[in-house]
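Overview (structure and organization)
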Amino acid sequence: MTRHAVVVGGGIGGLATAVALRRIGWRATVLERAAEVREIGAGMSQAPNAMRALEALGVGEQARSAGVPTYSAGNLRLPDGRHLQQARPGDPTPLVAFHRADLHRMLLQALPTTWVRTNAEVTGVRQAEQQVTVTWNGGQATADLLIGADGIRSTVRRLLWPDAPAPRFLDRTAWLGITDADGLPGSITMGAGGYFLIHPISRGRAYWAYVTTAGRPAIRYEKEKIEVARRVATWHDPIPSLIAATPDEAVIHIDICDLDPLPAYVCGRVALLGDAAHAMSPDRGQGAGQSLEDAVVLAAALAGESTIEAALRRYDTERRPRTQATARGARADGRRTTSLALHRALVTMIRLTPAALWRKGIADDGNPTWRWRPPHLPSPTTPH
Ligand SMILES: Cc1cc2nc3c(=O)[nH]c(=O)nc-3n(C[C@H](O)[C@H](O)[C@H](O)COP(=O)(O)OP(=O)(O)OC[C@H]3O[C@@H](n4cnc5c(N)ncnc54)[C@H](O)[C@@H]3O)c2cc1C
């Protein structure tokens, strides 16, 4: 009999999970509270580990053609334009940058349309010994397994992990945008107390992000574009012109939060995945990548273990240490890169690092997190 899972949340993590389950012959129902399954209008990069996870999910080729290879920290600059490190032609471009919507769409297209249900906000979860029942506005379903992939403010986590702390505001905030800008190389400009990131994405566009400190969460401005432009007005080209070219309504302002480590990602027949389990600061560009890894590991465990309980134990054992270490590292990186006190020391350290050594550290296998290899997933089968 075909096993059935309910996946709460139609973000990158939830869709990747449904794709992974499909590959091992399970059936999945994705419940998404929004009226439409879609991503925000911003960019993101995926590192080699995440690209391998996409490969394991069967969408590697689509991902490579939708994304644009880019440097990780090949070009590091100061606000006055001086290079601390400068990429040369032929240097490694280990990251692949995307419009989020492209990555999201390719996962959605790998699923039967009947598997995804919108306008379905999950409000209740009830567990019996071998089954789990989920309730949403207007419906109820019983399944063998429930995956909470409902993001940093997860309802599933709140219901089943009532003692888990709320997301932590990391004293930082970010403005993001996408605009037409052909041929710009990836770069990071390090100011005192904030950095500006640029990645080229498909169709001659660039994704930019400015991350800086904030005294409290939820500070908002009447005109976000004017505010971010003001903060980097004296920074080198093309930073001011990129912001100026971004439509006002396309500038997104979000606060940076993460989750303190949970003691378990599994409770009975319910597993947390993606940001619901381990939301992390964006400074290592790993949040969505880790959710892709989660999806592959979960499916491999379900295919390989004799019981769902054993598979969930394996998922928890394999994923918790890795994702929590990544989140810890991202939190520390974020503090360092936006710290006023550490700015001068950081700049000196980067400037003094010999270019050859720097290049080694930012090549494909230079970063330990990127070396992850996916477990074997059986050949795809189509459930009845
Ligand atoms: C500024 C910034 C930059 C980033 N850059 C990168 C990057 O370059 N690379 C990278 O890998 N990661 C990056 N990340 C992290 C990445 O965005 C997240 O880790 C990833 O999007 C999480 O995906 P998810 O599916 O787990 O959660 P989400 O994308 O939050 O999806 C959760 C879904 O669940 C739905 N939902 C919520 N509650 C319910 C409910 N009760 N019932 C039904 N549906 C519900 C929501 O509507 C949503 O669609 C960045 C994050 C930030 C903030």
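Summarised in this report is the structure supplied together with it. (Residues numbered from 1 in each chain as written. Predicted model: local features only at pLDDT ≥ 70, side-chain atom pairs only at ≥ 80, totals over all residues. Heavy atoms only, no water.)

Notes on the nonpolar core
Grouped together as the largest cluster of nonpolar side chains are 76 residues, with contacts concentrated most on Leu57, Leu107, Leu146, Leu292 and Leu302. If one sorts the elements of this core by residue count, helix H9 (residues 287-304) sits on top with 10 residues. Apart from the residues lying within four places of it in its own chain, the contact partners of Leu146 are Val6, Val8, Val125, Val132, Val134, Val156, Arg269, Val270 and Ala271. (Core = buried A, V, L, I, M, F, W, Y, C linked by side-chain atoms within 4.5 Å. Buried < 20%, exposed > 50% of the residue type's maximum accessible area, 1.4 Å probe, protein only. Helix = DSSP H or I, 4+ residues; strand = E, 2+ residues; numbered from the N terminus. Contact = heavy atoms within 4.5 Å.)

Observations regarding the sheet that holds strand S4 (residues 68-70)
Pairing is antiparallel in the open sheet, where three strands are placed in the order S3-S7-S4. Strands with a single pairing partner mark the edges of an open sheet, and in this sheet they are strand S3 (43-46) and S4. In this sheet, adjacent strand axes meet at a mean angle of 35° when their direction is disregarded. As judged from the four bridges shared by S3 and strand S7 (residues 95-99), these two strands associate in the antiparallel manner. (Pairing = 2+ DSSP bridges. Axes fitted to C-alpha atoms, helices over the stretch in contact; angles between N-to-C directions.)

Focus on the pairing of strand S13 (residues 168-180)
Burial runs high along S13: 10 of the 13 residues are buried. With seven bridges joining them, S13 and strand S17 (residues 252-258) adopt antiparallel strand pairing. Looking across to S17, one finds that Phe169 is bridged to Cys257. Inspection of the sheet shows S13 paired to strand S16 (residues 205-213) by nine bridges, in the antiparallel sense. Counted as the bridge partner of Ala174 is Val211 from S16.

A few points about unusual backbone geometry
In the segment running from Asp237 into Pro238, the intervening peptide bond is cis, with an omega of 5°. Summarising the element assignment, Pro238 is placed in the loop between helix H6 (224-231) and helix H7 (239-245). One non-glycine residue, Asn119, adopts positive backbone phi at about 55°. Counting through the fold element by element, Asn119 comes out in the loop between strand S8 (116-117) and strand S9 (122-127). Unlike most non-glycine residues, Ala218 shows phi in positive territory, near 65°. Structurally, the position occupied by Ala218 is in the loop between S16 and H6.

Section: the site of the ligand
Gly13, Glu32, Ser45, Arg100 and Asp275 are the nearest of the 32 residues found near the ligand. With respect to the ligand, the side chain of Glu32 contributes an N or O atom lying 2.6 Å from an oxygen atom. At a separation of 3.2 Å, a nitrogen atom of the ligand approaches a polar side-chain atom of Thr155. When isolated, the ligand has an accessible area of 1,000 Å², and the protein chains bury 86% of it. For the shell around the ligand, the secondary structure elements donating two or more residues are helix H1 (12-23), S3 and H9. The residue makeup of the shell around the ligand, split by class, is 11 nonpolar, 14 polar and seven charged. (Near = heavy atom within 4 Å. Polar contact = N/O pair within 3.5 Å; in protein donor to acceptor, adjacent residues only side chain to side chain. Areas by Shrake-Rupley, 256 points an atom, 1.4 Å probe, with all protein chains shown as cover. Nonpolar A, V, L, I, M, F, W, Y, C, P; charged D, E, K, R; others polar.)

Concerning the sheet that holds strand S10 (residues 132-136)
Pairing is antiparallel across the open sheet formed by three strands, whose spatial order is S9-S10-S11. The outermost strands of the open sheet, each flanked by one partner alone, are S9 and strand S11 (139-143). Pairwise comparison of adjacent strand axes, ignoring direction, gives a mean angle of 15° for this sheet. One ladder, built from five bridges, connects S10 with S11; its direction is antiparallel. By the bridge assignment, Thr135 is partnered in S11 with Gln140.

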